[in-house]
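Structural overview for review
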Amino acid sequence: MHRFIRRIGDASARRPWAVIGAWLTAAALVLGLAGTVGGAFSDDLVAPGSQSERAMRLLEERFPEAAGGSAKAVFAVPEGGRLEDSRSAVDAAVAEIAGVEHVTAVADPFAAGTVSADGRIGYAEIAFDTPSAELGPEPLDALTAALEPARADGVTAELGGDAAFINAETETSGAEAAGLLAALAVLAVAFGTVVAALVPVVLALVAVAAGLGGILLLAGAMDVSSAAPTIGAMIGLGVGIDYALIIVARYRENRAAGRDNAVALSQAMTSSGPSVVFAGGTVVVAMAALALTGLGFLTSIGLSTSLVVLFAVAASLTLLPALLALLGDRVDAGRLTGRRRAGKPEATAWWRFAHRVAGRPWPYLVVAAVALLALAAPALKMQTGFPDAGDDSVSTTHRRAHDLLAEGFGPGANSPLLIVADLRSPGVDASGIPALSERIAADPGIVEVKAAQESPAGDTVVLPAVPATAAADEETSRTLERVRGLAPANVAVSGLTAMTVDLTTQLTDTLPVFIAAILAMSFLLLTLVFRSVAVPLKAVVMNLLSIGGAYGVVVAVFQWGWLQGLFGLEETLPIASPLPAIFFAVLFGLSMDYEVFLLSRIREEYEATGDNAESVARGIAGTGRVITSAALIMTVVFLSFVVHPSPLVKMMGLGLATAIVLDATVVRMVAVPAAMALLGRVNWWLPRWLDRRLPRLGTAGGTPVRRPEPLPEEASAHG
């Protein structure tokens, strides 16, 4: 592995313009293809094998009119007014809606009786010829424009319903750019020069741009969640900067020690390159494991993020050495601080702190563990639910429509159920439908069961039902369970609310398998890398503690409302049910970045000295500044997403930032050295029979580096 990565780095450094040209060509090709044959994003919200999936498949086959998407145009006048007084304006808007592409029917609210009891709020039900998840944003934009006649008459007009919520295009906050600027500032302080700070940022931007193009191409081959680009960009920026930082820091350390540029770069690629490969591999494995949940939208998020991370790793191994070879001594241009001299590790505060922890490991380990467990405690009370329109920002039209519907018709108006009867199968027949409707209407959680809709062939019947509570309310889930209990064998309950409840159930059921698979794969990978049993086991436990702390903080802020004003939250929210799985995959992968980087350096020192305590101290001294800088960069990048309008993205940003801070401080700088001091030589123990059978893929040690050919700048200087 060391030789292979060294050869890649040396080859890239010898032919920098060819490598840069290849990257520019590849990026242009990917982005060009993405713009022409790339697909659109759609959220596959179906839980395979669930009752809601069975009902929707039946409708698609026999009753396509009922399987199409739906939306609601909501109209309202101020308190004391009556919508009837603006009927002509509402009728004009309804007529405009009827002419929009994909609209098959729109109901007049006055004729359909969908006006509130006080006469102030009404809605027009809109039916599409395409399922909501496949509709795309363009028809919704046209519908929003079609509401203008009502608005011109002073009527509040908003677009809501399933299709509007699923296809909403949320505006970004723009804070992502501020996060990049903050990351650049951190790099400038860490490196002391502007050019050295710019290199990791440029590399990350190239990797993310190419990765996002790849995600668009992936969307042309499969359903890709609309959340995939945001999550991919978030993770890609963080790891892209971090991986480049790790290599650039080691390169400059080698230069400061007196090595010429070619040797310094070759040795940096040999020592830090494998760490980048294995760290990136862990992230890819963890994200790809989201496929184990069996849910299409999570699988697409995992594959998309893995694609961006692979671009970041490839750029670090090829484009980065090419850039450094071209820059040569100019990597130190734009110096902001005095030149740092290479010093002994004993002279650093990190070395002294590591020895202090090693001298009294038990107190430090206990305090660190207690702090992490205290932060994780709120996670025991985590309540999950699928986000709905009521969780979005009030700046969005679908959220305002949601609130108007709840005000005029009750919270259940936003969470309708579809009871679907297959009259070809044994169970209820056509004559029993009225009695079934009465039984369901009698349930205390149901406000109304609307008139039955029969398919043209007469073999399928749909009963729309309106629950009394909102989609995210736990009582709605209980109502759904009771209604399903009342239904005969040939009746299934679907609708967006039922689909999201089924998704949450499947996520809850598959999460233990998913977590166990990630833990097992990570343990195996670290065992291969470090030839140890104790080190991987310790890493797994430590990472679980930092992830638990992140879960706890997210629950305290979003579910309990602690400091909610600081994060721009208007109300408390349940934790989005996909987040525990996404969090675990992302956080476990990212925390392994620091674990691999730190332990690689410790193992390198241990092979040189054979002294466990000293190797830990020297490893922390050699990586402490870089890990702290990398963690700070990831933190500011992730925190920039906390001001995003979407609560889902806010949760992601805060959770990731919290986990990175905990992992790089409490875990990596306190708990890890304390645990390694207690374990002593056991850290590197591996049974002989296992050692003989495992392939050797270590990230430390290896063959001494031969002198590479001169870099372009050095060759011209000596020519």
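Conventions and cut-offs
- Residues numbered from 1 in each chain as written.
- Predicted model: local features only at pLDDT ≥ 70, side-chain atom pairs only at ≥ 80, totals over all residues.
- Heavy atoms only, no water.
- Phe/Tyr/Trp six-rings, centres within 6.5 Å; stacked < 30°, edge-to-face > 60°.
- Helix = DSSP H or I, 4+ residues; strand = E, 2+ residues; numbered from the N terminus.
- Buried < 20%, exposed > 50% of the residue type's maximum accessible area, 1.4 Å probe, protein only.
- Expected span 1.5 Å × (residues − 1).
- Contact = heavy atoms within 4.5 Å.
- Axes fitted to C-alpha atoms, helices over the stretch in contact; angles between N-to-C directions.
- Parallel < 35°, antiparallel > 145°, perpendicular 65-115°, else oblique.
- Nonpolar A, V, L, I, M, F, W, Y, C, P; charged D, E, K, R; others polar.
- Pairing = 2+ DSSP bridges.

Our focus in this paragraph is the packing of aromatic side chains. As enumerated under the stated definition, the model contains 9 aromatic pairs in all. Plain terms: the ring middles of Phe297 and Phe386 are 6.1 Å apart, the flat faces sit at 80° to each other, and that makes the pair edge-to-face. Of this pair, Phe297 sits in helix α14 (residues 296-327) while Phe386 sits in the loop between β5 (384-385) and α17 (397-409), placing them 89 residues apart in sequence. With a relative accessible area of 5%, Phe297 lands in the buried category. A ring pair is formed by Phe584 and Phe588, whose centres lie 5.6 Å apart and whose planes are at 15°; its orientation type is stacked. In this pair, Phe584 and Phe588 are both assigned in helix α22 (residues 579-609), 4 residues apart and thus about one turn of the helix distant. Through successive ring pairs, a cluster of aromatic residues spans Phe514, Phe584 and Phe588.

For helix α3 (residues 51-62), spanning 12 residues, the distance from its first C-alpha to its last is 17 Å, which sits close to the expected 16 Å at 1.5 Å a residue. Of the residues making up α3, those classed as buried are Ser52, Glu53, Ala55, Met56, Leu58, Leu59 and Arg62. In this structure, the buried residues of α3 make contact with α4 (64-67), β6 (417-422), β9 (460-467), α19 (474-486), β10 (491-494) and α20 (496-530).

When two helices pack together, their arrangement is given by the angle between the helix axes and the distance between those axes. Interaxial distance between helix α13 (residues 261-288) and α14 falls to 8 Å at its minimum, and their mutual angle equals 170°. One finds that α13 runs roughly antiparallel with respect to α14. Counted together, Leu265, Met269, Gly273, Val276, Val277, Gly280, Val283, Val284, Met287 and Ala288 of α13 and Ile301, Gly302, Thr305, Ser306, Val309, Leu310, Val313, Ser316, Leu317, Pro321, Leu324 and Ala325 of α14 form the full contact between these two elements. Of the residues in the contact of α13 with α14, the class split is 16 nonpolar, 6 polar and no charged.

This next bit is on unusual backbone geometry. Backbone geometry at His102 places phi at a positive 80°, although glycine is not the residue there. Looking at where His102 falls in the secondary structure, it is placed in the loop between α5 (87-98) and β2 (103-106). According to the relative accessible area criterion, His102 is partly exposed, its value standing at 26%.

Moving on to the sheet that holds strand β1 (residues 70-76). Either a parallel or an antiparallel arrangement is found when strands of a sheet pair, and the pairing is made through backbone hydrogen bonds. What the 4 strands build is an open sheet, ordered β2-β3-β1-β4; its pairing is antiparallel. Two strands in the sheet have a free side with no partner beyond their single neighbour: β2 and β4 (156-160). Averaged over all pairs of adjacent strands, the angle between strand axes in this sheet comes to 20°, irrespective of strand direction. In terms of strand pairing, β1 meets β4 through 5 bridges, oriented antiparallel. Paired with Ala76 across the bridge in β4 is Thr156.

Coordinates in, geometry out; function isn't part of it.
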